[in-house]
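# Structural overview
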Amino acid sequence: MTDLRTTYLGLALENPLMPSASPLSRDLGSLKQMEDAGAGAVVMYSLFEEEIDLESQLLDAYLTQGTDSFAEALSYFPEAGAYRTGPDAYLEAIRQAKQSIGIPVIASLNGVSSGGWTRYANLIQQAGADALELNLYYLPTDPTMTGCEIDLMYVDLVRQVADQIEIPLAVKLSPFFSAIPHTVATLAGAGAQAAVLFNRFYQPDLDLDSLEVVPRLTLSHRSELLLPLRWIAILYGRVELDLALTSGVHTAEDALKGLAAGAQVVMLASELLQRGIGRLTEIRHEMSAWLEEHEYDSVDQLRGSLSQRNTAEPAAFERANYMRVLGSYSPAHR
Ligand SMILES: Cc1cc2nc3c(=O)[nH]c(=O)nc-3n(C[C@H](O)[C@H](O)[C@H](O)COP(=O)(O)O)c2cc1C
């Protein structure tokens, strides 16, 4: 039997497959199912900066200005009640998850600005989370804001959060940086022990009939794997933190590719939402069978074997390959 055991963020996992943050972790029954299906660890759904800020604004309005202001404050956040559950419920969800399952529970905070909301990192630690994932989801729309300013904003935030906790910290990033290796290395220096690559941005669509902008949440496709795969292969061995792959993992082959690129763990959301938590078991079995068939003693042996550092063709990850790929197109591709 190939040894699937893996460490991630200093935690010992039975295998490198992890459900990433999604609504599946909102339900204790699903959390247990994920553990039973063989998840190595689980990332909880995110608590958002906006939810924390909303709660303090509401409390403030209630205490200082009476119930009218309370209602007014609430009306600014029409979706908050329906979509989210609030900070206290989140801490309770972490406590209950820890009581119910034995695999590591990684909490998730989603925010961008440094401020009072980051104290929740410490409350999450007190609630018993084994680690914290900080999802940095910022969309710069101001043309006067530079990429450097955004990097600095992230570094400040990671430092601020890392200072409040002793549990390990992972940072989940989007792919939209001009220098991904530098950004990741800087965040490692600021206290991140893992980079989770990459966040998916949910793109709004335009409805030409109603002339409205419509939010659209689509689940991922396998082709989305190639973006994190490339960057994990490039970063492996170059940055001093663990690399976790998220986006586009739907099969055992996808997961194995992630590990070969250099991922410490591979995460799944869309596949489990679409086809059920039982897919974790199937993917783990297929991964094991492949590793045994190819005579790997452990996942560690596979990890990074196709990273840029270790592959026989490092240029395949770089610009050098660009002209060759474009030149390889033939009308038969249509
Ligand atoms: C319905 C849904 C809800 C999600 N909620 C969160 C969340 O609360 N926090 C977060 O960091 N990522 C969230 N994600 C992103 C996933 O964790 C994951 O990174 C992304 O879907 C890409 O992985 P996949 O291709 O396996 O779906 C969500 C994704 C989906 C589809």
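Everything that follows concerns the structure shown earlier in this document.
Residues numbered from 1 in each chain as written. Predicted model: local features only at pLDDT ≥ 70, side-chain atom pairs only at ≥ 80, totals over all residues. Heavy atoms only, no water.

### Considerations on the overall build of the chain
We count it as follows: Numbering of helices and strands runs from the N terminus, with a helix taken as a DSSP run of H or I at least four residues long and a strand as a DSSP run of E at least two residues long. Type-normalised accessible area, obtained with a 1.4 Å probe on protein chains alone, sets the label of each residue: buried when under 20%, exposed when over 50%, and partly exposed for intermediate values. When checking whether two residues touch, look at their non-hydrogen atoms; a contact exists if any pair is within 4.5 Å. Working definition of accessibility: Shrake-Rupley area with a 1.4 Å probe, residue cover restricted to the visible protein chains.
Within the chain one finds 14 helices and 12 strands. Burial status across the chain gives 49% buried among its 334 residues. In the chain, 71% of the contacts between residues at least 6 apart in sequence involve partners at least 24 apart. Just so you have it, the chain exposes about 16900 Å², and 53% of that area is on carbon and sulfur atoms.

### A closer look at the packing of helix H7 (residues 147–164) against helix H8 (residues 180–190)
For the record, the criterion: An axis is simply a line fitted to the C-alpha atoms; with a helix, the fit covers only the stretch in contact. Between two such axes, the angle follows the N-to-C directions and lies from 0 to 180 degrees. Oblique is the label for any angle not covered by the other classes, which are roughly parallel (under 35 degrees), roughly antiparallel (over 145) and roughly perpendicular (65 to 115). Left-handed describes a crossing in which the near helix is turned anticlockwise from the far one by less than a right angle; the clockwise case is right-handed. Residues were grouped as follows: Ala, Val, Leu, Ile, Met, Phe, Trp, Tyr, Cys and Pro as nonpolar; Asp, Glu, Lys and Arg as charged; and all remaining residues, including Gly, as polar.
Across the interface, H7 lies against H8 with an axial gap of 8 Å and an inter-helix angle of 25°. One way to sum up the angle between H7 and H8 is to call them roughly parallel. Our pair here, H7 against H8, has a crossing hand that is right-handed. Residues Asp151, Tyr154, Val155, Val158, Arg159 and Ala162 of H7 pack against His182, Thr183, Thr186, Leu187 and Ala190 of H8. Each residue belonging to the contact of H7 with H8 can be placed in one class, and the counts come to 6 nonpolar, 3 polar and 2 charged.

### Quick word on the pairing of strand S7 (residues 169–173)
To keep things clear, this is the line we draw: Following DSSP output, two strands are said to pair if at least two bridges run between them. Look down the strands so they point away from you; if going from the first strand over the helix to the second traces a clockwise path, that crossover is right-handed.
Most of S7 sits inside the fold, with 5 of its 5 residues counted as buried. Going residue by residue along S7, you find Leu169, Val171 and Leu173 tucked away on one face and Ala170 and Lys172 tucked away on the opposite face as well. The pairing of strand S6 (residues 131–135) with S7 spans 4 bridges and is parallel. Across the sheet, the residue bridging to asparagine 135 is lysine 172, located in S7. Read as a crossover between parallel neighbours, the route from S6 over H7 to S7 is right-handed. Of the strand pairs in this sheet, S7 and strand S8 (residues 194–197) are connected by 4 bridges, and their pairing is parallel. Looking at S8, one finds that leucine 173 is bridged to leucine 197. Viewed along the sheet, the connection from S7 through H8 into S8 turns out right-handed.

### Some points on the side chain of glutamate 133
Heads up, the rule is: We treat Lys and Arg as the positive residues and Asp and Glu as the negative residues; His and chain ends play no part in the count. Basic side-chain nitrogens of Lys or Arg form a salt bridge, by our definition, when they fall within 4 Å of a carboxyl oxygen of Asp or Glu.
Mapped onto the elements, glutamate 133 comes out in strand S6. For the buried glutamate 133, which has no salt bridge, the nearest side chain bearing the opposite charge is lysine 172, at an N-O separation of 4.0 Å. The residues contacting glutamate 133, other than those within four sequence positions of it, are Val43, Ile106, Ala107, Ser108, Leu109, Ala170, Lys172, Val196 and Met267.

### Observations concerning the sheet that holds strand S4 (residues 42–48)
Pairing between the strands of a sheet is mediated by backbone hydrogen bonds and can be parallel or antiparallel. With respect to topology, 8 strands assemble into an open sheet ordered S3-S12-S11-S8-S7-S6-S5-S4, the strand pairing being parallel. Of all strands in the sheet, those with a lone pairing partner are strand S3 (17–19) and S4, marking the two edges. Within this sheet the neighbouring strands show an average axis-to-axis angle of 25°, counted without direction. In terms of strand pairing, S3 meets strand S12 (residues 265–268) through 3 bridges, oriented parallel. Paired with proline 19 across the strands is leucine 268, a residue of S12. Helix-sheet contacts for helix H5 (residues 87–100) involve S4 and strand S5 (105–110), and the interaxial angle to S4 is about 170°.

### Considerations on the site of the ligand
Rule in force here: Here a residue is near a molecule or strand as soon as one of its heavy atoms is found within 4 Å of it. Between N or O atoms, a polar contact is any pair within 3.5 Å; within protein, one atom must be a potential hydrogen donor and the other a potential acceptor, and residues adjacent in sequence are included only when both atoms are from side chains.
Among the 20 residues in the neighbourhood of the ligand, the closest are listed as Ala21, Ser46, Asn135, Ser220 and Ser270. Taking alanine 21, its main chain carries an N or O atom lying 2.6 Å from an oxygen atom of the ligand. Separating an oxygen atom of the ligand from a side-chain N or O atom of asparagine 135 is a distance of 2.5 Å. Every element with two or more residues in the shell around the ligand is listed here: S4 and helix H11 (270–275). Taken together, the residues of the shell around the ligand break down into 9 nonpolar, 9 polar and 2 charged.

### Some points on helix H9 (residues 226–235)
Among all positions in H9, only Pro228, Leu229, Ile232, Ala233, Ile234 and Leu235 are buried. In this fold, the buried residues of H9 make contact with H8, S8, strand S11 (242–245) and helix H10 (252–261). Looking at the residues trailing H9, positive phi occurs at glycine 237, about 80°.

Note that all results are geometric; they support no functional claim without further evidence.
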